[in-house]
Amino acid sequence: MNFRATVWSVRREVWENRSIYIAPLIVAAVIVFGALIATLAGRHTVKFDTPPDKIAQHYDIAAGVLMGTTLIVAIFYCLDALYGERRDRSILFWKSMPVSDLNTVLSKMAIPLVILPIVTFVVTIATHLIMVLMSSAFLLMHGHSPAALWGLPWLQMSFGLLYHLFSVHSLGYAPVFAWLLLVSAWAKRLPFLWAFLPPAAIGVVEKMVFNTSRFGTMIGSILSGGDMGDAMKGGGGSMFFHFNAAEFFSRPGLWIGFAFATVFLAAAVRLRRYRDPI
């Protein structure tokens, strides 16, 4: 594998797929506008005895919306990543370049695993900062102290956000993204249906034949991120106050997911090598 070629391929993906950063920026602008309206309405008045977890909930919501946005972007990107180049026949041009199929597939996998979490982190931190500045200005103008806002453990929350993005939204979803890339490399049409109907059919057949739902539970565990439930136990607290890397990486399901992701990516590389344009 040529590392330099992979890096340049990742850059090409970012240049050609502007939704990677435009969609989060648009959603962030909407969040900031909504926060401005809420601030002007006086809904962000913070008292000195307001618990930090209660204050942080506003910023959790903003972060959750941005993470949901980039997750949707990742799903549609993966579904179109290999299908689109066969549909518009640009694969013939890219195959003439000195970039292997392995480099190409890995560069496309790097978008949801690395690039989108970084974009989400940067945009979320910038959105939080703007929200804090607006709330602080409003509080000062009305004779209230913004000390409670600035007293939040922002460094801990930022680290927790980064951990959450790269554990749940990157490594935890790796088999999902790899599966979508495999479908994108295989499908001749309607990759969205081919990606989601087979797992749904497996779940239905399992329920009808064995009266169990283990496959659906496994998929649900992957899609829920696994550690979200632990983060939110014990009432409403910021999910970014809770992170346990040792516990996360010790989960057998995570490594099983990595094994599936490796198989799916290997199959996607082989399909790209031999699949004809549509």
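Residues numbered from 1 in each chain as written. Predicted model: local features only at pLDDT ≥ 70, side-chain atom pairs only at ≥ 80, totals over all residues. Heavy atoms only, no water.

### Re the overall build of the chain
Inference 1: Regarding its fold elements, the chain presents 14 helices and 0 strands.
Inference 2: The order of helices and strands in the chain, counted from the N terminus, is α-α-α-α-α-α-α-α-α-α-α-α-α-α.
Inference 3: Carbon together with sulfur atoms contributes 72% to the accessible area of the chain, which is approximately 15000 Å² in total. (Helix = DSSP H or I, 4+ residues; strand = E, 2+ residues; numbered from the N terminus. Areas by Shrake-Rupley, 256 points an atom, 1.4 Å probe, with all protein chains shown as cover.)

### Quick look at the confidence of the model for the chain
Inference 1: Confidence in the prediction of the chain, expressed as mean pLDDT, is 82, and 86% of residues score 70 or more.
Inference 2: Mean pLDDT across the elements of the chain ranges from a minimum in helix α12 (residues 228–231), with 40, to a maximum in helix α9 (residues 174–186), with 94.
Inference 3: Counted against residues more than four places away or in other chains, residues 227–237, with its pLDDT under 50, gives 17 contacts. (pLDDT = per-residue confidence, 0-100. Contact = heavy atoms within 4.5 Å.)

### Remarks on a nonpolar patch on the surface
Inference 1: There is a patch of nonpolar side chains on the surface, built from I72, F76, W186, L190, F192, L193, W194, F196 and L197 and spanning about 920 Å² of accessible area.
Inference 2: In terms of residue count, helix α10 (residues 191–210) provides more of the nonpolar patch than any other element does, 5 residues in total.
Inference 3: In this fold, W194 is placed in helix α10.
Inference 4: What makes W194 partly exposed here is its relative accessible area of 42%. (Patch = residues over 30% accessible without salt bridge, like charges linked within 9 Å, V, L, I, M, F, W, Y side chains within 5 Å. Salt bridge = Lys/Arg side-chain N within 4 Å of Asp/Glu carboxyl O. Buried < 20%, exposed > 50% of the residue type's maximum accessible area, 1.4 Å probe, protein only.)

### Here's the deal with the nonpolar core
Inference 1: Y59, M109, I111 and F177 are the most contacted members of the largest nonpolar core, which has 52 residues in total.
Inference 2: Elements with a minimum of two residues in this core: α2 (19–40), α3 (52–81), α6 (101–141), α8 (154–172), α9 and α14 (252–274).
Inference 3: Top contributing element to this core by residue count: α6, with 13 residues.
Inference 4: Not counting residues up to four positions away in its chain, the partners in contact with Y59 are H128, M131, V132, S135, L149, L152 and W154. (Core = buried A, V, L, I, M, F, W, Y, C linked by side-chain atoms within 4.5 Å.)

### Some points on the side chain of T69
Inference 1: As for its position among the elements, T69 is in helix α3.
Inference 2: Judged by its relative accessible area of 13%, T69 is buried.

### Here we look at the environment of L190
Inference 1: Position of L190 relative to the elements: it lies in the loop between α9 and α10.
Inference 2: Residues L190 and L79, 111 residues apart in the sequence, show an inter-C-alpha distance of 9.4 Å.

### Section: the pattern of salt bridges
Inference 1: By the definition in use, this model includes 7 salt bridges.
Inference 2: Where E13 meets R12, a salt bridge forms, and the shortest distance between an N and an O atom there is 3.4 Å. Across this residue pair, the class does not change: E13 and R12 are buried.
Inference 3: For the salt bridge of E85 with R272, the shortest nitrogen-to-oxygen distance reads 2.7 Å. With E85 in helix α4 (residues 83–87) and R272 in helix α14, the pair connects residues that are 187 residues apart, well separated along the chain.

### A closer look at unusual backbone geometry
Inference 1: One non-glycine residue, R89, lies in positive phi territory at about 65°.
Inference 2: Turning to its location among the elements, R89 is positioned in the loop between α4 and α5 (91–95).
Inference 3: With a phi angle near 50°, L190 is a residue other than glycine that sits in the positive phi range.

### Topic: the packing of α9 against α10
Inference 1: With their axes 9 Å apart at the nearest point, α9 and α10 run at an angle of 125° to one another. Taken together, the axes of α9 and α10 lie oblique to each other. Between α9 and α10 the crossing geometry is right-handed. Facing α9, whose interface residues are W179, L180, V183 and W186, α10 presents P191, W194, A195, F196 and P199.
Inference 2: Considered class by class, the residues forming the contact of α9 with α10 number 9 nonpolar, no polar and no charged. (Axes fitted to C-alpha atoms, helices over the stretch in contact; angles between N-to-C directions. Parallel < 35°, antiparallel > 145°, perpendicular 65-115°, else oblique. Left-handed = near helix turned anticlockwise from the far one by under 90°. Nonpolar A, V, L, I, M, F, W, Y, C, P; charged D, E, K, R; others polar.)

### Notes on the packing of aromatic side chains
Inference 1: Considering all chains together, one arrives at 9 aromatic pairs under this definition.
Inference 2: Ring plane angle 90° and centroid distance 5.2 Å describe the contact between W255 and F258, whose orientation is recorded as edge-to-face. Of this pair, W255 and F258 both sit in helix α14, 3 residues apart, roughly one helical turn.
Inference 3: The interplanar angle of 40° and the centroid separation of 6.0 Å between the aromatic rings of F260 and F264 together place this pair among those described as tilted. Taken as a pair, F260 and F264 lie in helix α14 at a separation of 4 residues, close to a single helical turn.
Inference 4: Clustering of aromatic rings is evident, with ring pairs tying together F76, F192 and F196.
Inference 5: Above the face of the W8 ring, R11 is positioned so that its terminal group lies 4.5 Å from the ring centre. (Phe/Tyr/Trp six-rings, centres within 6.5 Å; stacked < 30°, edge-to-face > 60°. Lys NZ or Arg CZ within 6 Å of the ring centre and 35° of its normal.)

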